Amino acid sequence: MQLRPHTGSSTRSRDTLGRRSGHRAGRLAGAAAALTLAVALGPLTGPGAHAADNPYERGPAPTTATIEAARGPYAVSQTSVSSLSVTGFGGGTIYYPTSTSDGTFGAVAVSPGYTAYESSIAWLGPRLASQGFVVFTIDTLTTLDQPDSRGRQLLAALDYLTERSSVRGRVDASRLGVMGHSMGGGGSLEAAKSRPALQAAIPLTPWNLDKTWPEVTTPTLIFGADGDTIAPVSSHSEPFYTSLSSSLDRGYLELNSATHFTPNSSNTTIAKYSISWLKRFIDNDTRYEQFLCPLPRPSLTIEEYRGNCPHGS
């Protein structure tokens, strides 16, 4: 801006010019301070803002491709746990992110089903761990253990993982979940009933003589299979789901063209929605809400999906 000569006295002109110069200098100093503050605060309004708000968030922003991939962003290590070194369950394998740069992780214990061994659910270990979880796939005390026993064993495995295992320093003991197949799935409901502090439960084609679970307060996603003749959805998964409180964050996904044993092999649909559920409720990571709400629609792999949207937890 060009200043025009003032027609008043020279003293007044100098005073006016001085005030204008002072005001202009003040504005420039204020602008510089604002710019410095904006630069300093910039990351808080960018992609890192949500991570700053949620200290449990782990890994990059998800996409359909990243959660359907056979492996997530984390390299995974594993360690075996002998049945001779533990009590209350049959040992197993711990899978965990190799890196320690992100701090601690939420953890999940997974039980096999009736007459089955850890190997039947082992595929879930590295697949879930690579997304940012510590995962403990376990053997049970005997292959004939019933769901209530398997529920207690899942909790014993979580206690060992958080209190005595070699990776306990990598686990956030306040962010834990359970999964299980068949009677192990029924066991995951038993575990959630017994320990309300659990953050997530995922029964996979579950079997249990108890058909009602109104006491469960843990966010629960149940997988059924349309071709299941061992734990038919009409007498197991569906009544389990409908008996859960309607105020609970809950979901029921019925796999299309699937059997009771579909969860025993690597399965993208099971992995995708399990990862999303665990991330959403163990990590409080709302970036994964997009895969659960709106409710997934029927497809080549999904017969139906029921649940509440949006989630309240």
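The rules behind each value
- Residues numbered from 1 in each chain as written.
- Predicted model: local features only at pLDDT ≥ 70, side-chain atom pairs only at ≥ 80, totals over all residues.
- Heavy atoms only, no water.
- Disulfide = S-S within 2.5 Å.
- Helix = DSSP H or I, 4+ residues; strand = E, 2+ residues; numbered from the N terminus.
- Buried < 20%, exposed > 50% of the residue type's maximum accessible area, 1.4 Å probe, protein only.
- Expected span 1.5 Å × (residues − 1).
- pLDDT = per-residue confidence, 0-100.
- Contact = heavy atoms within 4.5 Å.
- Salt bridge = Lys/Arg side-chain N within 4 Å of Asp/Glu carboxyl O.

Overview of the state of the cysteines
Applying the stated rule across the entire model yields one disulfide. Each sulfur of the disulfide joining Cys293 and Cys309 lies 2.0 Å from the other. Because the sign of the S-S torsion sets the handedness, a value of about -100 degrees for the bond joining Cys293 and Cys309 places this disulfide among the left-handed ones. On the criterion of sequence distance, the pair formed by Cys293 in the loop between α8 (268-282) and β9 (302-307) and Cys309 in the segment after β9 is long-range, its members being 16 residues apart. With a relative accessible area of 13%, Cys293 lands in the buried category. Taking the relative accessible area as the measure of exposure, Cys309 reaches 35% and is therefore partly exposed.

Things to note about helix α6 (residues 183-194)
A rise of 1.5 Å per residue sets the reference length of α6, with its 12 residues, at 16 Å; its end C-alpha atoms lie 16 Å apart and thus fit the reference within 8%. The element α6 is extensively covered by neighbouring structure, given that 10 of its 12 residues are classed as buried. Among the residues making up α6, those that are buried are Met183, Gly184, Gly185, Gly186, Gly187, Ser188, Leu189, Glu190, Ala191 and Ala192.

Description of unusual backbone geometry
Following Cys293, the chain continues to Pro294 via a peptide bond in cis, the omega torsion being 0 degrees. Cis peptide bonds are those with omega within 30 degrees of zero, and the linkage from Cys309 to Pro310 qualifies with -10 degrees. Mapped onto the elements, Pro310 comes out in the segment after β9. The residue Thr115 is not glycine, and still its phi comes out positive at about 65 degrees. Looking at the secondary structure, you find Thr115 in the loop between β3 (105-111) and α4 (124-129). Its identity is not glycine, yet Ser182 carries a phi of approximately 55 degrees, on the positive side.

Some points on the confidence of the model for the protein chain
Mean pLDDT over the protein chain works out to 88, with 83% of the residues at or above the 70 mark. The least confident element of the protein chain, judged by mean pLDDT, is helix α1 (residues 10-41) at 39; the most confident is strand β6 (residues 200-204) at 99. Segment residues 1-51 is flagged for pLDDT under 50; beyond a separation of four residues in sequence, or across chains, it makes 12 contacts in the model.

Let's talk about the pattern of salt bridges
Under the definition given, this model contains 12 salt bridges. Its salt-bridge partner being Glu57, residue Arg287 comes within 3.6 Å of it at the nearest N-O pair. Linking Arg287 in the loop between α8 and β9 with Glu57 in the loop between α2 (49-53) and α3 (64-68), this pair joins segments that are 230 residues apart in sequence. Residue Arg287 shares its accessibility class with Glu57, and that shared class is buried. Of the charged contacts in the structure, one is a salt bridge between Glu215 and Lys193, with a shortest N-O distance of 3.7 Å. In this pair, Glu215 is assigned in the loop between β6 and β7 (220-225) and Lys193 in helix α6, connecting sequence segments 22 residues apart. Lys193 sits in the partly exposed class, given a relative accessible area of 34%. Counted as one network, the salt bridges with shared partners bring together Asp172, Arg175, Lys279 and Asp283.

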